[in-house]
Amino acid sequence: MAGAKARASSFSRNVLGASSPQIPGLKHGPNGTMFISSGIPDLDKILGGGFSLGSLVMVMEDAEAPHHMLLLRNFMSQGLVHNQPLLYASPAKDPRQFLGTLPSPAVPKDDKSSHRDPDQDKGLRIAWQYKKYFGENQQNFDSQNGKHEFCNNFDLRKPLERQFLTGKCIDCASIQDSPNLVTLHDRCATFLSQFPRSDSNISCVGRIAIQSFCAPQCGYSNMEWDMHSFLRSLKGMLRSSNAVAVVTFPPTLLSPSSSIRWQHMADTLLSVKAIPDEDKELATLLTGYQDMVGLLNVQKVAQINTQVPVILEATTFSIKLQKRRYLVLECLNQAPIDGSSGSSYGTSGSCSGSSKTGSLDF
Amino acid sequence: MEIRGLLDEALGLQHLSGRVVLLEDCVETSAAFVLHHLLKRSLSQPLHSSNVVVFIAFAQPLSHYDRILRKLGCNLAAQRDNSKFFFFDMLMDCPDEDNGKGGDGGLVSLYGKILKTMSALPQVNKNCVTVMIDDVSLMEVAARGSTNLVLDFLHYCHTLVSEFGCSLVMLNHEDIYSGMVSPTLILQMKYLADILIKAEPLATGLASDVHGQLTVVNRSIVDGERSRNKPCNFHFKVKENSVEYFYPGSRT
């Protein structure tokens, strides 16, 4: 059935390589995958390049704080900046209003300088063992050309300019009105049919953002199996199209087994958690506690076309707002570990690191 | 030629014929690589060149398996052209949509297709068929949560398998059922299985050198060989073209 296709795709890799860099916002990943940006430079780096095309990204919400919105906003804005069609579904009455809150990309010049400064700051502040990592980052930023950046840095205080919002194919759907998931499924299907996966060329990339999928106001709570099969068919459709879907859901509202089922269905699984204001214990444990907005946990990274799991150095990151404008993610590791020297020390260090993050797991 | 891994040793030397293998994994550690290994093993054993694999994929499209298996040294497209590999893509053509009949999630027609495929095989291949299911939890979703439908399907497959002396390999995610009071499906699957392979993360978390641990319980009575009822436990590291297996602590 699809075998001939798969065969052709691997042979035509060179053609792909020659043609696709002209499309902004796309990057080659390993194993014949393509990356699009999550809209957060740090998250792209953590995930090894970004979200893979054809993958289902699920974000587990914190019941008390809207941190998942930060991820969604940047994801949506990045798509609009790159001229990629967007389908946004939310349990709000008027989802289109949410577009007004999307952040705007920082001015390139400003962007560059703002990137340099923190790096240098960190260089002064942080132990010398980390220096080599910053060296790498620097190169990454330099290699991007200013015009068609793969990933923009978004200024959360500046709303996205009108020109990005008008005249684009932005499809908004409210999942509050519809009595069942058929409507949403059909909209996703028609949206995704614009981006069929062909082996030779990628002409257009789509983004789907679904906010608070199982929120109580949708009234799906008694339709668990409908939600499961919606996600399953969404994943199936995504695999055969050039698109990425980000679905956020509050896991506390689901039964534990459903929540785990969804975690299995997700290709990339993230979770966000708020930081309580006056948590003395955490404040003493973590440096820079005051600047933290929340925590991001990377639980699973997409394994498309490969069986090798992606093992991250750290899975918990702090979400910070730099200059109250830019979303940055920072590693929580406190102990200065140099992974490359002394294997026994390195492994024991990573063990302690993981157990520490374990205490912060949610 | 190839150095036999701990997994193969634990599974036993011979072909899996007549066995039911259950793979269990969790969100942190995927056991998909064992499935790939068994798929490769079934298709590329020179001694068993009549082996046939019927693969029921709910989780991934063919291109995914094709790429992985090619890195393992097995060309699925070629095997399919030789009628040694039959792929049922249940991800792309969602069975619950193209025919809304009866709400069986297409499992009945899927079984019909498997039966047809198997009975159309030449006599040489008939008793060397491996049926693989990736994964059963998604099959449950296709059946809209009807445990009975899935169990019926599995029992039919089991009957088919034991009738022809073939083997059945199924993957399921154990952690989905861990919170349930009476997880009928997973319990029944465990009861059916002759060989249980469980993938778990290490208690200390994931590391880049050790991706997790496998526990293999081989309940099948081995003729002439030593009994293998003792569970084997070893660590693994998944690579693109192979998987390294080693005993805990044997790595420097």
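Residues numbered from 1 in each chain as written. Chains lettered and ligands numbered in written order. Predicted model: local features only at pLDDT ≥ 70, side-chain atom pairs only at ≥ 80, totals over all residues. Heavy atoms only, no water.

Turning to the packing of aromatic side chains, a few remarks are in order. In the structure shown here, the tally under the stated rule is 15 aromatic pairs over all chains. Note on B:Phe85 and B:Phe87: the rings are 6.0 Å apart at their centroids and 40° apart in plane angle, and the pair reads as tilted. Residue B:Phe87 is classed as buried on the basis of its relative accessible area of 6%. Ring centres 5.6 Å apart and planes at 85° place the aromatic pair B:Phe234 and B:Tyr245 in the edge-to-face group. Of the two residues, B:Phe234 is situated in strand β8 (residues 232-238) and B:Tyr245 in strand β9 (residues 243-246); the sequence distance between them amounts to eleven residues. Among the aromatic residues, those joined into a cluster by ring pairs are A:Phe213, A:Phe230, A:Phe249 and A:Trp262. Lying across the ring of A:Phe75, A:Arg207 places its NZ or CZ 4.8 Å from the centre. (Phe/Tyr/Trp six-rings, centres within 6.5 Å; stacked < 30°, edge-to-face > 60°. Buried < 20%, exposed > 50% of the residue type's maximum accessible area, 1.4 Å probe, protein only. Helix = DSSP H or I, 4+ residues; strand = E, 2+ residues; numbered from the N terminus. Lys NZ or Arg CZ within 6 Å of the ring centre and 35° of its normal.)

Residue and element names in this part refer to chain A. With mixed pairing, the nine strands of this open sheet are ordered in space as β8-β5-β9-β10-β4-β11-β12-β13-β14. The sheet is open, and its two borders are formed by β8 (170-174) and β14 (326-331), each paired with just one other strand. Across this sheet, the average inter-strand angle for adjacent strands is 20°, counted without regard to direction. Sitting on the sheet, helix α8 (residues 182-192) is in contact with β5 (86-90), β8, β9 (206-210) and β10 (243-249), with an inclination near 165° to β9. (Pairing = 2+ DSSP bridges. Axes fitted to C-alpha atoms, helices over the stretch in contact; angles between N-to-C directions. Contact = heavy atoms within 4.5 Å.)

By the secondary structure assignment, A:Pro216 is in the loop between β9 and α9 (224-239). The sequence separation of A:Pro216 and A:Gln176 amounts to 40 residues, and the corresponding C-alpha distance is 9.3 Å.

This brings us to the confidence of the model for chain B. Scored by pLDDT, chain B has a mean of 84; 87% of the residues are at 70 or more. Across residues 96-100 of chain B the pLDDT falls below 50, and counting only partners more than four positions away or on other chains, this stretch makes six contacts in the model. (pLDDT = per-residue confidence, 0-100.)

Turning to the interface of chain B and chain A, a few remarks are in order. Between chain B and chain A, the contact holds 55 residues from the first and 41 residues from the second. Of the roughly 3,900 Å² buried between chain B and chain A on both sides combined, carbon and sulfur atoms contribute 57%. For chain B, the biggest contributors to the area lost against chain A are B:Val27, B:Arg67 and B:Val141; these three give 18% of the whole. Inspection of the region where chain B meets chain A yields two salt bridges. Note that B:Arg144 and A:Asp226 form a salt bridge whose closest N and O atoms lie 2.1 Å from each other. Linking chain B with chain A are 14 residue pairs in polar contact (both at pLDDT 80 or more). Breaking the side of chain B that touches chain A down by element, the ones donating at least two residues are α2 (32-43), α3 (62-71), α4 (76-81), β3 (85-89), α5 (95-98) and α8 (136-142) of chain B. Of the residues forming the side of chain B that touches chain A, the biggest block, eight residues, is contributed by α3(B). Here the residues of the side of chain B that touches chain A are counted per class, giving 28 nonpolar, eleven polar and 16 charged. (Buried area = accessible area lost by both parts, 1.4 Å probe. Salt bridge = Lys/Arg side-chain N within 4 Å of Asp/Glu carboxyl O. Polar contact = N/O pair within 3.5 Å; in protein donor to acceptor, adjacent residues only side chain to side chain. Nonpolar A, V, L, I, M, F, W, Y, C, P; charged D, E, K, R; others polar.)

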